[in-house]
Protein chains: 2
Amino acid sequence: MTAAVADAPARSGPSTDASALRTLLQARYGAAEAPSGILLNDTIAGLLSHRSVRAFADRPLPDGLVETLVAAAQSAPSSSNLQTFSVVAVENPATKARLAEIAGGQKHVVEAPLVLVWLADLARLEEVGRREAKPTDALAFLETLFVGIIDAALAAQNALVALESLDLGGVYLGAFRNRPVEVAELLGLPPHVLGVFGLAIGHPDPERPAQVKPRLSPRLVLHRERYDASLPQAALDHYEQALKDFQKGQGLPEVGWTSAALSRVRGAEALSGRDRMREALAALGFGLR
Amino acid sequence: MTAAVADAPARSGPSTDASALRTLLQARYGAAEAPSGILLNDTIAGLLSHRSVRAFADRPLPDGLVETLVAAAQSAPSSSNLQTFSVVAVENPATKARLAEIAGGQKHVVEAPLVLVWLADLARLEEVGRREAKPTDALAFLETLFVGIIDAALAAQNALVALESLDLGGVYLGAFRNRPVEVAELLGLPPHVLGVFGLAIGHPDPERPAQVKPRLSPRLVLHRERYDASLPQAALDHYEQALKDFQKGQGLPEVGWTSAALSRVRGAEALSGRDRMREALAALGFGLR
């Protein structure tokens, strides 16, 4: 398969030869935990190459990009075909500046020529029900919000895969959930619509390249037949070192995963406002039954 | 489409010529709503070609597939790199049979050689906190469950894109959320782990091919700068007809989207047990603050 793919015609995306694969997997997992026997083609090489891009070049995006990303997004599966997501494409500098502020001052939100805001959208079905004079009581349940969030996430990930295949870069902006009511006001969202996260998009700045970030060993994430709760400490320790090595290579402070992640989940004060998600959802009209 | 795709050179995924693209977009949106100017490469063609496969051939899966899908999944972005998802790979026929039953008797869950169950996993961080004697109080918030669900969805979608690029097929199994406590018992999940959905995987049965399902017009899903709540009825009517045409072509009863979707959200009784999601989450130890 490798040879056949390497002979593929000129297209975007990374090279797919065996040594490039080995390099990718070692970047993702560190040398000791990199899996072998991985199946490869251009699409999979693209997925394995993902890196979050926060530094964008000052270059316009190609015509047709938004339409392409939306077509990719809508091609993702949707729970019961309810299609409970929508997306707002933001290019206006003033709106981006306000979004950056809401996200706690992330300047790449301004620098990116395009920000897509992915919405869990229960308002569309509510309006359809109103027009048809039919009840839509299930929209008031927590489960239906889950459906919207999942639909939005599957759709957004397809868009990210698509844009990376075009040699563009992006980064998700979960910090829009710090202040969901302000996002709703800014974008004119009706009740029963939640901005789940953003996606900042642009040409990666070649002067400030992003790198593949290491992840936990698959031994800690993949379970066979039943969940194995043993959580081998050696695999955690290996990851701790792999992440520090990555940070050192980036010129960043060497903070291990354990302390970074535990700091992030230590308590309500670490949630940057998201500890009030229930109140925000109530303000946005969600039932949460 | 069939002809163009069948003529594709020996590689995974569909051919990427302009006429195949037009055919794909018309299948996705109907002729009147198909967007133009879409950017194309093999990866994007693969995304646009998605169809949910529920009929599997009796053929073994390639060696290394699970490892490949997990590497793709872990390469998806993760909120604050918390990596709050895990996955259980189920191949045991008895376990699949039980999962099929939990999902309301979906026989493709048994027929598929592999079922991946995607987990929102807050137990890993809780255990790391216990070992480090650090607090993990933020795990008890609804927002942190959202993080787990989103991490799981982004990861799963990467796996789906990867498997489809290998000419395999799959379908998500949201019905695992009908009975989350039973899924947890079956798979030995510890507290603070939710089975978000499954993904049944196999070789598509060529005798029972799946087709691209039409979606709502992008006019109804994509908003520019601000949300447009007008929801043009003409676009809804067009979709109603496109979906009926699709069903007719599949030999299925012609049920419009409006009536199907509204039936699904009409009330608690349509949620197949998911109206008790809050109780299930409490039983699984989630805080939902």
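Residues numbered from 1 in each chain as written. Chains lettered and ligands numbered in written order. Predicted model: local features only at pLDDT ≥ 70, side-chain atom pairs only at ≥ 80, totals over all residues. Heavy atoms only, no water.

### Quick notes on the environment of Val-221 of chain A
And step 1. Mapped onto the fold, Val-221 of chain A is located in helix H10 (residues 218–221).
And step 2. Residues in contact with Val-221 of chain A, not counting those within four places in the same chain, are Leu-216 of chain A together with Gln-74, Phe-85, Ser-86, Val-87 and Arg-124 of chain B. (Helix = DSSP H or I, 4+ residues; strand = E, 2+ residues; numbered from the N terminus. Contact = heavy atoms within 4.5 Å.)

### Overview of the pairing of strand S3 (residues 169–173) of chain B
Residue and element names in this part refer to chain B.
And step 1. The element S3 is largely enclosed, with a buried count of 5 among its 5 residues.
And step 2. Neither face of S3 is left uncovered, since the one carrying Gly-169, Val-171 and Leu-173 and the one carrying Gly-170 and Tyr-172 both have all their residues buried.
And step 3. In this structure, S3 lies alongside strand S4 (residues 193–202), joined through 5 bridges in antiparallel fashion. Bridge pairing in S4 links Leu-173 to Gly-198. (Buried < 20%, exposed > 50% of the residue type's maximum accessible area, 1.4 Å probe, protein only. Pairing = 2+ DSSP bridges.)

### Side note on the pattern of salt bridges
And step 1. The final tally for this structure, using the stated rule, is 26 salt bridges over all chains.
And step 2. Salt-bridge contacts for Arg-130 of chain A lead to Glu-127 of chain A; the nearest nitrogen and oxygen are separated by 2.8 Å. Within this pair, Arg-130 of chain A and its partner Glu-127 of chain A are both found in helix H7 (residues 123–132), separated by 3 residues, close to a single helical turn.
And step 3. In this structure Arg-130 of chain A comes out as exposed when scored by relative accessible area, which is 57%.
And step 4. For the salt bridge of Glu-182 of chain B with Arg-179 of chain B, the shortest nitrogen-to-oxygen distance reads 2.9 Å.
And step 5. With a relative accessible area of 29%, Arg-179 of chain B lands in the partly exposed category.
And step 6. When salt bridges that share partners are traced, they join Arg-98, Glu-101, Arg-179 and Glu-182 of chain A into one network. (Salt bridge = Lys/Arg side-chain N within 4 Å of Asp/Glu carboxyl O.)

### Quick word on the side chain of Asp-205 of chain A
All names here are of chain A.
And step 1. Note on placement: Asp-205 falls in the loop between strand S4 (193–202) and H10.
And step 2. Within the local environment of Asp-205, its side chain forms a polar contact with the backbone nitrogen of Glu-207, the two atoms lying 2.9 Å apart.
And step 3. If near-sequence neighbours (up to four positions away) are discounted, Asp-205 is found in contact with Ala-55, Phe-56 and Ala-57. (Polar contact = N/O pair within 3.5 Å; in protein donor to acceptor, adjacent residues only side chain to side chain.)

### A closer look at the interface of chain A and chain B
In many analyses, interface size is given as the accessible surface area lost on bringing the parts together.
And step 1. If you look at the interface, chain A gives 128 residues, while chain B gives 127 residues.
And step 2. Here chain A packs against chain B, burying approximately 10900 Å² in sum over the two surfaces, 62% of which is carbon and sulfur.
And step 3. The interface formed by chain A and chain B holds 8 salt bridges in total.
And step 4. Across the pair Glu-67 of chain A and Arg-224 of chain B runs a salt bridge whose closest N-O atoms are separated by 2.8 Å.
And step 5. For the pair chain A and chain B, the interface holds 69 residue pairs in polar contact (both at pLDDT 80 or more).
And step 6. Among the elements that take part in the side of chain A that touches chain B, helix H8 (residues 142–165) of chain A stands out by supplying 16 residues, more than any other.
And step 7. Bridge count for strand S5 (residues 222–224) of chain A against strand S1 (residues 85–90) of chain B is 3 bridges, and the pairing is parallel. Of the residues in S1 of chain B, the one forming a bridge with His-223 of chain A is Val-88 of chain B. (Buried area = accessible area lost by both parts, 1.4 Å probe.)

### Side note on the relation of the copies chain A and chain B
And step 1. With an RMSD of 0.0 Å, the fit of chain A onto chain B corresponds to turning through 180° and sliding 0.0 Å along the axis. Put plainly, the chains are arranged around a two-fold axis.
And step 2. A share of 98% of interface residues in chain A that are also interface residues in chain B marks the association as one of identical surfaces. (Least-squares fit on C-alpha atoms with pLDDT ≥ 70 in both.)

### Re the domain arrangement of chain A
All names here are of chain A.
And step 1. Under the domain assignment used here, chain A contains domain 1 (22–51 + 217–222 + 229–256) and domain 2 (65–207).
And step 2. Of the roughly 250 Å² buried between domain 1 and domain 2, counting both surfaces, carbon and sulfur atoms make up 53%.
And step 3. When the buried area of domain 1 at its contact with domain 2 is split by residue, Leu-47, His-50 and Arg-51 rank highest and sum to 87% of it.
And step 4. The interface formed by domain 1 and domain 2 holds 1 residue pair in polar contact (both at pLDDT 80 or more) in total. (Domains from an automatic or database assignment.)

### Considering the packing of helix H5 (residues 93–102) of chain A against helix H9 (residues 180–187) of chain A
All names here are of chain A.
And step 1. Where H5 contacts H9, the axes come no closer than 10 Å and their chain directions differ by 175°. If you check the angle between H5 and H9, you find them roughly antiparallel. Here Thr-95, Arg-98, Leu-99 and Ile-102 of H5 lie close against H9, whose contacting residues are Glu-182, Val-183, Leu-186 and Leu-187.
And step 2. Partitioned by chemical class, the residues of the contact of H5 with H9 number 5 nonpolar, 1 polar and 2 charged. (Axes fitted to C-alpha atoms, helices over the stretch in contact; angles between N-to-C directions. Parallel < 35°, antiparallel > 145°, perpendicular 65-115°, else oblique. Nonpolar A, V, L, I, M, F, W, Y, C, P; charged D, E, K, R; others polar.)

### Here's the deal with the side chain of Thr-68 of chain A
All names here are of chain A.
And step 1. For Thr-68, the location among the structural elements is in helix H4 (residues 65–74).
And step 2. Judged by relative accessible area, which is 0%, Thr-68 ranks as buried.
And step 3. In this structure the side chain of Thr-68 is engaged in a polar contact, spanning 2.7 Å, whose partner is the backbone oxygen of Gly-64.

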